[in-house]
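# Coordinate analysis (summary)
Each chain is listed here by its residues.
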Amino acid sequence: MTLYRSTDLDGLKIFYREAGDKRHPTLVLLHGFPASSFMYRELMERLADQFHVIAPDYPGFGYSDAPSSQAFSYTFDHLADVIEKFTDQLGLEKYGLYMQDFGGPVGFRVASRRPEKVSFLVVQNANAYEEGLPDSFWAPVRALWQDPSPGNFEKIREASMSPATLEWNYTHGVKDLERISPDSWLMQRALLDRPGNKDAMLALLYDYRTNPACYPQWQAYFRQSQPPTLIVWGKNDLIFPAAGAYPFQQDLKNIDFNLLDTGHFALEEQGEIIAAHIKRFFKNTLTT
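### Structural notes on the pairing of strand 1 (residues 3-9)
- Pairing geometry for strand 1 and strand 2 (residues 12-19), over 7 bridges, is antiparallel. Bridge pairing links Ser6 to Phe15 in strand 2.
- In this antiparallel pair of consecutive strands, strand 1 and strand 2, the connection spans 2 residues, and Asp10 shows a positive phi of 50 degrees.

Below you can see the structure in the form of structure tokens.
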């Protein structure tokens, strides 16, 4: 059974979903853009018999408070600070991190800052290498990074958050469209329509420019700490293609590498397979 909870962090309500026995290994699920803990709704049910699973919504996302970009600094450094405080407030001493999309730059910051607390990684279309940011998708965003003009911000606003794009994020690269529920992108559309919420998302898309500069630090963390890592990557993703998955094998020795025949939000089509991979990986890697 999944519980729907919230906690106060520095005056902000942080919403989170929680399932499973606290005596089980803890897995913190970090969502992507412009998603929320909703993306983990089915995975949590599938893992709750063997894991204590927790999925927070970042500020500005899902059911957490969404202050304006004037009242809250929407940066990945700040989101990582929030998640660190969140895990402290819940008393999590040791946990794994599941990261997808924006969950990568949040989670890799947390893990590299606190390697002693992070027992394993699950990486699903979450980038940590230059190879994973192809110009075929990222060129317009790079143009914004280089020239943060009102015109470029407006181009990215439309390109990244139009109704058609929100749907495309879920449907491109999948094999069976009938398995993809429209609930996700319709919920995202409603949440993005909150006053000022698209500005908050734009601030994060602009701040994404800070992540490639962090890649050497994250890669050094991989090499030095060697966290056991499961890769479950939708290989048909055009946002973070499989080219970004392979380099993890260069830096991590204890890696379980899996490319899945699906797209960016791989859980929507292959959730049962990903849950099985997580249980197998944990049994074979962390309980022997």
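Okay, back to it.
### A short note on the packing of aromatic side chains
- In this structure the tally under the stated criterion is 32 aromatic pairs.
- Both rings, one in Trp138 and one in Trp145, keep their centres 6.2 Å apart while their planes meet at 40 degrees; by these two values the pair is tilted.
- Between Tyr170 and Phe265, the aromatic rings sit 3.9 Å apart at their centres with planes inclined by 5 degrees, giving stacked as the arrangement. One end of the pair, Tyr170, is in helix 6 (residues 163-171); the other, Phe265, is in the loop between strand 8 (255-260) and helix 11 (267-286), with 95 residues separating them in the sequence. Each member of the pair Tyr170 and Phe265 is classed as buried.
- The ring of Tyr206 carries the charged tip of Arg209 above its face, separated from the ring centre by 3.9 Å.

### Focus on the side chain of Ser36
- Looking at the secondary structure, you find Ser36 in the loop between strand 3 (26-30) and helix 1 (41-47).
- With a relative accessible area of 5%, Ser36 lands in the buried category.
- Dropping the residues within four chain positions of it, Ser36 is found in contact with His31, Asp57, Gly62 and Met187.

### Digging into the layout of surface pockets
- One number sums up the size of the largest pocket: a volume of about 300 Å³.
- Around the largest pocket, the lining comprises 17 residues; the ones closest to its centre are Phe33, Phe137, Val141, Ala159 and Ser160.
- Broken down by element, the residue count for the lining of the largest pocket peaks at 4 residues, all from helix 4 (residues 135-146).
- Residues of the lining of the largest pocket, tallied by class, amount to 12 nonpolar, 4 polar and 1 charged.

### Things to note about helix 2 (residues 76-89)
- In this model helix 2 runs 20 Å from its N-terminal to its C-terminal C-alpha over 14 residues, within 8% of the 20 Å that 1.5 Å per residue would give.
- Burial in helix 2 covers these residues: Phe76, Leu79, Ala80, Val82, Ile83, Glu84, Phe86 and Thr87.

Calculation notes
- Residues numbered from 1 in each chain as written.
- Predicted model: local features only at pLDDT ≥ 70, side-chain atom pairs only at ≥ 80, totals over all residues.
- Heavy atoms only, no water.
- Pairing = 2+ DSSP bridges.
- Helix = DSSP H or I, 4+ residues; strand = E, 2+ residues; numbered from the N terminus.
- Phe/Tyr/Trp six-rings, centres within 6.5 Å; stacked < 30°, edge-to-face > 60°.
- Buried < 20%, exposed > 50% of the residue type's maximum accessible area, 1.4 Å probe, protein only.
- Lys NZ or Arg CZ within 6 Å of the ring centre and 35° of its normal.
- Contact = heavy atoms within 4.5 Å.
- 1 Å grid on protein atoms, 1.4 Å probe; cavity = no way out; pocket = protein on both sides within 12 Å on 5 of 7 lines; lining within 4 Å.
- Points joined across faces, edges and corners; volume = space filled by probe spheres on them.
- Nonpolar A, V, L, I, M, F, W, Y, C, P; charged D, E, K, R; others polar.
- Expected span 1.5 Å × (residues − 1).

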